[in-house]
Amino acid sequence: MASIADTTAIARPRRRRLELGIVLALAWLVLLVVLAALGPIIGIQNPDDGDLLDILSLPTAAHWLGTDSLGRDTFARAVYGAQVSLTVALGSVGIGLALGGTLGLIGGYFGRWPDRLIMGAMTVLLCFPGIILAIALVSSLGPSVGNVTFAIGVIFVPAFARIARANTLSLRSREFVLAAQSLGAKLPRILIREILPNLMPALLSYAVVMLGVAILAEAALGFLGLSVRPPQPSWGGMIAAERGNLAEAPHAVFIPAAVMFLTVLAINWLGEATRRLFDIRAQSL
Amino acid sequence: MIGSQAARRLRNQLLTLVAIVFAATALTFAVTEILPGDAAVAILGDTATEAEIKSLRTELGLDRPLIVRYADWLSNALTGDLGRSYRTREHISTMIAQRLPVTIELIIITQIIALGLAVPAGIIAAYRNRSGVDHALGGVSIGLLSTPAFVIGIGLIYTLSVALGWFPASGYVRPSDGVLGNLQSMFLPALTLALAEFPVYMRLLRADMIATLQQDFILVARAKGLGVRDILVGHALRPSSLSLVTVIGINLGRLVGGAVIIETLFAIPGIGQMLVNAVYQHDHFAIQGVVLVVATGFVLINLAVDMAYALLDPRVRHGVDS
């Protein structure tokens, strides 16, 4: 999380070589998104239907990923859990990006008291271990996809604000900004048309990484019972529910864990690739 | 040597400390305020009548305005009185005093394990940059970064506890009941948190170390004929550890957050578990107390980190801009 703030400089990508890892990561994510989006349409069974005669079964032809302790199909639950994870990830990163980016842009461009005010507020927010703030927010607002998204989005704001501010500071006295100012460009134009596009590489490569962090945070909340309400499936909730059967049926815990692991791994893999693309320090090594 | 500049910086930081702790506790007070069913409802349960809830709210002082209650809490907190738990009527300060050492022990063991793994790994990965070892360590760290701490914990429970039976799966042994048993009960949770921190530390140290190894004084050391170990550990490690030290400080907040989940998973009675229970039970003063301790600790650590800079980098010590 910490090394991201260094990505101030922007460089052209040297060459685009499609690595196998990136292809696999993209394929996994596309598959997941398609399944999550089309789940009910393409006939994936109801994730709440349990067959109590067939509990904790290993993967079979009927249950591709086995069943849980209530005989519910793990594959169906993983797919419906993906809906939750992906919605929360995209939504919370969107909130962090929009809110944090705006605050950082304003603080960095205007400096002086707006900057001190905004960065002071961000420091206070950073003082909370993120998950604690999220726990407090979700437990006060009630567990639902929207509230979990909001809570995780709020804890992302300071980091995005810091990145946007640091980059704006180095951009605001660059020639193209001075040129726009002396040509009499209006303030919104300078901020949105001149500075914002140059912030995007740093913000977006950070956003990719934060998608993975958001999925992990949602899972942690789900593990504590603070994500969606049962029986609606979430990956963290699935793992928490089967934790007691670890000795007899480890697959009931580790299969949903593996789905989550592969998803976050794929996102991190793409994140590394984007970071390499934009990070001049890594390229010069 | 502490010049006037250093003294001024210290004073500014102490002021920031006070401001941050103040703001953090005010924010928590406001956040816990929007909890729907308040403490009175939580204590009496769903079956309580409106009148019962109302009288208990008056008894607990919940009917007074938010600002008054915060001012009240703050003035008490300044004298060391953090109030009592709505649930158990226990003093919050006593609860924290019992539980904080457990969390601190967990975090110290975690940091020892994490640094014990990450420093050698970071040095090797930097020295053998882009070799097989480097790529393997990079793969391990991206894998660990992609796994939530509680899954790492469950994985460790399954392998080291359920399958091999080396460590207890959960539970906590007080040091007074045997230091060895205590360390044994702390090992799995600490290893879990350490494995989650490992990639962050390793990657930072590796990146800084690679930069350091390209500097002239390393070339000089090499030209003097010093051994690889002397150069890496004796010359390169200290100037490469600036980011690492910063992040160790920042990470303490993250670690407390991780401790919340891991203490719940392993049934360790630290302040993380106290916080989760307090949130479940709408125990406002307990939440407030934990946040106060965590925020204060976080800011103090950052102050210490800032001072540690001076020891690591002579330019900071002498107030020279690099």
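Provided above is the structure to which this section pertains.
These numbers were taken from a predicted model, which means no experiment stands behind them.

Analysis parameters
- Residues numbered from 1 in each chain as written.
- Chains lettered and ligands numbered in written order.
- Predicted model: local features only at pLDDT ≥ 70, side-chain atom pairs only at ≥ 80, totals over all residues.
- Heavy atoms only, no water.
- Helix = DSSP H or I, 4+ residues; strand = E, 2+ residues; numbered from the N terminus.
- Buried < 20%, exposed > 50% of the residue type's maximum accessible area, 1.4 Å probe, protein only.
- Contact = heavy atoms within 4.5 Å.
- Areas by Shrake-Rupley, 256 points an atom, 1.4 Å probe, with all protein chains shown as cover.
- Patch = residues over 30% accessible without salt bridge, like charges linked within 9 Å, V, L, I, M, F, W, Y side chains within 5 Å.
- Salt bridge = Lys/Arg side-chain N within 4 Å of Asp/Glu carboxyl O.
- Buried area = accessible area lost by both parts, 1.4 Å probe.
- Polar contact = N/O pair within 3.5 Å; in protein donor to acceptor, adjacent residues only side chain to side chain.
- Nonpolar A, V, L, I, M, F, W, Y, C, P; charged D, E, K, R; others polar.
- Phe/Tyr/Trp six-rings, centres within 6.5 Å; stacked < 30°, edge-to-face > 60°.

Draft legend 1. Local environment of the overall build of chain B. Within chain B, the regular secondary structure consists of 14 helices and 0 strands. When each of the 322 residues of chain B is scored for burial, the buried share is 46%. Once local pairs closer than 6 in sequence are excluded, the contacts in chain B between residues at least 24 apart make up 73%. Accessible surface, chain B: about 15400 Å² in total, of which carbon and sulfur atoms supply 64%.

Draft legend 2. Structural detail: unusual backbone geometry. A positive phi angle is found at A:R112, which is not glycine, with a value near 45°. Along the polypeptide, A:R112 turns up in helix α3 (residues 112–127). In the Ramachandran plot, B:A267 falls in the positive-phi region, its phi being about 55° despite a non-glycine side chain. By the element assignment, B:A267 lies in the loop between α11 (242–266) and α12 (271–280).

Draft legend 3. Region of interest: a nonpolar patch on the surface. Residues and elements named next belong to chain A. A grouping of V30, V34, L38, I41 and I42 is seen on the molecular surface, where their side chains present a nonpolar patch of about 450 Å² in accessible area. Along the chain, the position of V34 falls in helix α1 (residues 20–38). Given a relative accessible area of 39%, V34 falls into the partly exposed group.

Draft legend 4. Representation of the pattern of salt bridges within the structure. Under the defined criterion, the tally for this structure stands at 4 salt bridges over all chains. In this structure, the salt-bridge partner of A:R165 is A:D115, at a minimum N-O distance of 2.7 Å. One end of the pair, A:R165, is in helix α5 (residues 145–171); the other, A:D115, is in helix α3, and 50 residues separate them in sequence. As a salt-bridge pair, A:E272 and B:R203 come within 3.0 Å of each other at their nearest N and O atoms. With A:E272 in helix α9 (residues 250–278) and B:R203 in helix α8 (residues 179–213), the pair connects residues from two separate chains. Residue classification places B:R203 among the partly exposed residues on the basis of a relative accessible area of 27%.

Draft legend 5. Region of interest: the environment of B:F150. For B:F150, the location among the structural elements is in helix α7 (residues 149–163). With 26 residues separating them in the primary sequence, B:F150 and B:I124 have C-alpha atoms 28 Å apart. Once you skip the residues sitting within four places of it in the chain, B:F150 turns out to touch A:A219, A:A220, A:F223, A:G236, A:I239, A:M260, B:I261, B:I262 and B:L265.

Draft legend 6. Region of the structure containing the interface of chain B and chain A. Listed per partner, the contact involves 44 residues of chain B and 42 residues of chain A. Where chain B abuts chain A, roughly 3600 Å² becomes buried across the two surfaces, and 81% of that area is made up of carbon and sulfur atoms. Across the chain B-chain A interface, the total number found is 1 salt bridge. Summed over the shared surface of chain B and chain A, the number is 2 residue pairs in polar contact (both at pLDDT 80 or more). Counting residues per element, the ones that place at least two in the side of chain B that touches chain A are α1 (4–33), α6 (132–145), α7, α8, α11, α12 and α13 (284–312) of chain B. By residue number, the principal contributor to the side of chain B that touches chain A is α11(B), which donates 9 residues. Residues that form the side of chain B that touches chain A fall into these classes: 32 nonpolar, 9 polar and 3 charged.

Draft legend 7. Layout of the packing of aromatic side chains. This structure, assessed with the given rule, holds 7 aromatic pairs over all chains. Ring centres of A:F160 and A:Y206 lie 5.1 Å apart, and the angle between their planes is 75°; this geometry places the pair in the edge-to-face category. Separated by 46 residues along the polypeptide, A:F160 in helix α5 and A:Y206 in helix α7 (residues 187–223) bring together distant segments of the chain. Both residues of the pair, A:F160 and A:Y206, belong to the buried class. An aromatic cluster is present here, built from B:F22, B:Y70 and B:W73 joined pairwise through their rings.

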